[in-house]
Amino acid sequence: APPHQVSNIMTETVITTPAPYVNPDFVRHSSWLPYTRRPPVYIVGCGAVGSHVAMLLARLGFEDFHLFDGDKVEALNLANQAFCRFDVGKLKTDALRDQLLNFSSNIEITTHGLFTGETEIEKGYVFCGVDSFSARRMVLDRCIQLLEQGKEIYSFTDFRLGFNYGRSYLIDFYSAEAKEDVAN
């Protein structure tokens, strides 16, 4: 088969050639995302949701992370967050940075305190894993402000977890509906 063969399997298009920049450890995942360098990822809240999302995105080949959280790892966090006993007492952003770097040394990580209404994002994907609706709203409002300023916020993903359920919400800012909503 030619090296750039595209085949249809059921309703999915599968590209069989990996992107040239992809770390060889991630080749099996490279066809899931565009062939250009992947934009930065902003993880707002590095707890039960954010810590696992960051680890999964690293496994998909993302290499530029911005981590936001003001809390420290506590022993009770070990049951549902991507931390180990050696992380107890560290800031969650620092502990997650260490976990990501243990996975791959090719990852660039910037740690921040809390995400605020003044936080700057030039471009990237925003993943929101904060604990309160007011904090979620503030993060979303900031993303919309940045879009209005011409920044390239590709999507906002919000997660909600309970004891017996989980939900995720995605706003794809490149969809026609989202662009219209932001404009209004």
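Located above this text is the structure these notes cover.
Since this is a predicted model, take the numbers as computed values, not measurements. (Residues numbered from 1 in each chain as written. Predicted model: local features only at pLDDT ≥ 70, side-chain atom pairs only at ≥ 80, totals over all residues. Heavy atoms only, no water.)

1. Quick word on the nonpolar core
Put simply, the test is: For the purposes of this section, nonpolar cores are sets of buried Ala, Val, Leu, Ile, Met, Phe, Trp, Tyr and Cys residues that join through side-chain atoms within 4.5 Å. Relative accessibility thresholds used throughout: buried, under 20% of the residue-type maximum; exposed, over 50%; partly exposed, between the two (1.4 Å probe, protein chains only). Counting from the N terminus, the helices are the DSSP runs of H or I reaching at least four residues and the strands are the DSSP runs of E reaching at least two. Any two residues having at least one pair of non-hydrogen atoms within 4.5 Å are treated as being in contact.
Grouped together as the largest cluster of nonpolar side chains are 23 residues, with contacts concentrated most on I43, L57, F65, L67, L96 and L100. Broken down by secondary-structure element, the contributors of at least two residues to this core are β3 (41–44), α1 (50–59), β4 (64–68) and α2 (92–103). Among the elements that take part in this core, α1 stands out by supplying 5 residues, more than any other. Among all residues touching F65, those that are not within four sequence positions of it are V41, I43, A54, L57, A58, L100, I107, E108, I109 and T110.

2. Regarding the side chain of Q81
Put simply, the rule is: Counting of polar contacts relies on pairs of N or O atoms within 3.5 Å, with two restrictions inside protein: one atom must be capable of donating a hydrogen and the other of accepting it, and residues adjacent in sequence are counted only when both atoms are side-chain atoms.
Position of Q81 relative to the elements: it lies in the loop between β4 and α2. Only 3.4 Å separates the side chain of Q81 from the side chain of K92, close enough to count as a polar contact. If we ignore the near neighbours within four places in the chain, the residues touching Q81 are C46, G47, A48, S51, H52 and K92.

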